[in-house]
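# Residue-level structural notes
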Amino acid sequence: NAKLKAFRQIAQSRVSARRFEPNVAVPEDVWRDVLQMTLTSPSGFNLQPTHMLLLRCPKIKATLSKHAMLGFGNQYRTNDASAIAVFCADLEPSKRIDRIFAMERESGTREDGYLAVLRVASSFLTGESSTLSSNNSSGSSTHVSSFLKRAFTSALSPVQPMPTMENVESWSYKNAGIMSQMYTMSATAHGLSTCMMEGFDARRAKEILRIPDRYGIPLMVATGYDYGVPPVTHADLNDDDLDSVAEQDDESGGTAKQKRTPRLEMDEVFFGDTFGEPLELLQTLRQGGEEEAA
């Protein structure tokens, strides 16, 4: 099984890099492919509650290293890595529901029954009210709402399976972790080295990177080339053989293809060195697509 062998090789080759070759640029086509694969990450209710900043500016990385990172190892890695992927978890995911609902309905990938309960179910299960209670003037009512949800599900749990009520930070951070793993494995597939980092002052990092209060930072992933090893020879991304593996399921007796659920546009999910700043390599991709269409 070609897929099994390929994934096993990726999984077993991934290690946390202790040191990176200082500021070696990664080809832009490699970054684009990594991000395209990262975008396929699943999420609860397909709300896609995670954004990612790709820090490549040496000045921004140096500032982050000096003022927000904890421990010499994380500071050195932040300075030297080709880029730092900063994952931002949305703590107000209900604000995404209308957009996602419209995308789901337009795509035709969901049954009407699913769409009918999407808004209610996602609002109920993401646990957003417990965080809103500490920030909004209506805190007392949302706190009561959250308490009642927990009491209701706990009371029924001995009788029938009920969801575990999480606070929104737990729910959103969990989704960000799933996406960060997809990013890490995608980068590893391209021969890049990575190191997941959680040793940082998130308050300072948010200020440096201009991340709104609506978002938390569960983790960052330093990405680049391992120090002292032979240079990586990247695959030719125009090679048709790279696309052939995805077409082998039916021929090898695998499962039938299922239509993918819709995803946000790449420039809505991935930003540059600060939150909301366009990622230049995606602008290049968009311009190229417009030229082909013309």
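Figured I'd write up the structure that's included with this text. (Residues numbered from 1 in each chain as written. Predicted model: local features only at pLDDT ≥ 70, side-chain atom pairs only at ≥ 80, totals over all residues. Heavy atoms only, no water.)

We now examine the environment of Asp98. Considering the arrangement of structural elements, one finds Asp98 in helix H5 (residues 97-107). What makes Asp98 exposed here is its relative accessible area of 51%. The spacing of Asp98 and Arg119 is 21 residues in sequence and 8.1 Å in space, taken between C-alpha atoms. Polar contacts involving the side chain of Asp98 include one to the side chain of Arg119, which spans 3.2 Å. (Helix = DSSP H or I, 4+ residues; strand = E, 2+ residues; numbered from the N terminus. Buried < 20%, exposed > 50% of the residue type's maximum accessible area, 1.4 Å probe, protein only. Polar contact = N/O pair within 3.5 Å; in protein donor to acceptor, adjacent residues only side chain to side chain.)

In this description, a pair of aromatic rings is defined by centroid distance and the angle of the planes. Inspection of the entire model under this criterion finds four aromatic pairs. One aromatic cluster in this structure is built from Tyr215, Phe271 and Phe275. Above the plane of the ring of Tyr114 lies Arg110, whose end atom (NZ or CZ) is 4.3 Å from the centre. A cation sits over an aromatic face here: Arg119 above Phe101, 4.0 Å from the ring centre. (Phe/Tyr/Trp six-rings, centres within 6.5 Å; stacked < 30°, edge-to-face > 60°. Lys NZ or Arg CZ within 6 Å of the ring centre and 35° of its normal.)

On to the sheet that holds strand E1 (residues 50-55), then. Here we have five strands laid out as an open sheet, ordered E3-E4-E2-E1-E5, and mixed in their pairing. Looking at which strands have only one partner, the edges of the open sheet turn out to be strand E3 (193-197) and strand E5 (270-271). With two bridges connecting them, E1 and E5 associate as parallel partners. Across the sheet, the residue bridging to Met52 is Phe270, located in E5. This element, helix H10 (residues 202-209), spans E1, strand E2 (83-90) and strand E4 (215-224) of the sheet and lies at about 75° to E4. (Pairing = 2+ DSSP bridges. Contact = heavy atoms within 4.5 Å. Axes fitted to C-alpha atoms, helices over the stretch in contact; angles between N-to-C directions.)

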